[in-house]
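# Commentary on secondary and tertiary structure
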Amino acid sequence: MRTITSDRLLLRPWQDDDADFLLDLESRWEVVRFLGPHPVTMSTRDQALASIARRKAAGIWLITAVGDGRRLGNLLLKPIPLSAGEAGPDEVEIGWHLHPDAWGHGYATEAAAAVMADAFDRGLPRIIAVTMPENHVSQAVCRRLGMTHLGRTTRYYDTTKELFEKTL
Ligand SMILES: CC(C)(COP(=O)(O)OP(=O)(O)OC[C@H]1O[C@@H](n2cnc3c(N)ncnc32)[C@H](O)[C@@H]1OP(=O)(O)O)[C@@H](O)C(=O)NCCC(=O)NCCS
């Protein structure tokens, strides 16, 4: 898995010594409440280590600050799970969640823009993002990224989501 850089950010694979940060990030309800159909907060360092092992294998980056290496959040680019009964070719989703200390600086948009540019450079034709209908802050990130809003869908994650896409 490659590192990806932008003006202010370096995205790198998660490592075991990021476990304390991951626990701090995902033990917060305000961070996880819109993630997946059944969000749960993380509560132990062992859970963080197990999650890091999965992230290393799954195309999920840790967003850090260029310069001091400060850890900021999580950025993923991976095949999206379809709801039960849905069929079709793999579609690739992009997703983000940042530590509250890192909100309000444009880091999520900057990290996602860098990952999208890299993916389009490598020939990926289409990237989608899904958000909970009430997650207006994340929908604003999608709009800042120039993604097109396609409306509501139940096609993914067995739940109702707002769907955004960007094509090459
Ligand atoms: C979704 C989430 C990543 C958005 O974070 P964010 O910091 O608001 O998003 P951006 O990186 O696009 O930053 C934009 C904000 O930074 C501000 N900003 C400050 N300096 C900036 C700069 N140099 N460049 C761009 N924006 C800047 C913008 O004005 C904007 O603030 P505003 O909304 O108050 O106007 C964050 O709220 C989060 O982690 N939420 C919990 C998890 C979650 O819901 N994830 C999404 C699931 S679908």
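Because the structure is predicted, anything quoted here is derived from the model rather than measured.

## A word on the site of the ligand
- By nearness alone, 21 residues border the ligand, and Trp96, Leu98, Gly104, Ala108 and Thr109 come closest of all.
- Within the backbone of leucine 98, one N or O atom sits 2.9 Å away from an oxygen atom of the ligand.
- Taking 950 Å² as the accessible area of the ligand by itself, protein coverage stands at 67%.
- Secondary structure elements with two or more residues in the shell around the ligand: helix H2 (29–32), strand S5 (92–98), helix H4 (107–121) and helix H5 (136–144).

## A closer look at helix H1 (residues 19–26)
- Most of H1 is tucked away, with six of its eight residues classed as buried.
- For H1, the set of buried residues is Ala19, Phe21, Leu22, Leu23, Leu25 and Glu26.
- On its buried side, H1 packs onto H2, helix H3 (45–56), strand S3 (60–65), strand S4 (71–79) and S5.

## Let's talk about unusual backbone geometry
- At tyrosine 157, a position not held by glycine, the phi torsion is positive, near 60°.
- Within the secondary structure, tyrosine 157 is located in the loop between strand S7 (148–153) and strand S8 (161–167).
- The backbone of aspartate 158 shows a phi angle near 55°, a positive value even though the residue is not glycine.
- Relative to the helices and strands, aspartate 158 resides in the loop between S7 and S8.

## Quick word on the pairing of S3
- For S3, the buried fraction is high: six of the six residues fall into the buried class.
- A two-sided burial pattern is seen for S3, the buried positions comprising Ile60, Leu62 and Thr64 on one face and Trp61, Ile63 and Ala65 on the other.
- For strand S2 (residues 9–13) and S3, the ladder comprises five bridges, and the chain directions are antiparallel. Note on S3: the bridge partner recorded for arginine 12 is leucine 62.
- Looking at chain direction, S3 and S4 are connected through five bridges and run antiparallel. Following the sheet pairing, tryptophan 61 is matched in S4 by leucine 75.
- Counted between consecutive antiparallel strands, the loop separating S3 from S4 contains five residues, among which glycine 67 sits at a positive phi close to 100°.

Each value, and the rule that gives it
Residues numbered from 1 in each chain as written. Predicted model: local features only at pLDDT ≥ 70, side-chain atom pairs only at ≥ 80, totals over all residues. Heavy atoms only, no water. Near = heavy atom within 4 Å. Polar contact = N/O pair within 3.5 Å; in protein donor to acceptor, adjacent residues only side chain to side chain. Areas by Shrake-Rupley, 256 points an atom, 1.4 Å probe, with all protein chains shown as cover. Helix = DSSP H or I, 4+ residues; strand = E, 2+ residues; numbered from the N terminus. Buried < 20%, exposed > 50% of the residue type's maximum accessible area, 1.4 Å probe, protein only. Contact = heavy atoms within 4.5 Å. Pairing = 2+ DSSP bridges.

None of this, on its own, says anything about what the molecule does.
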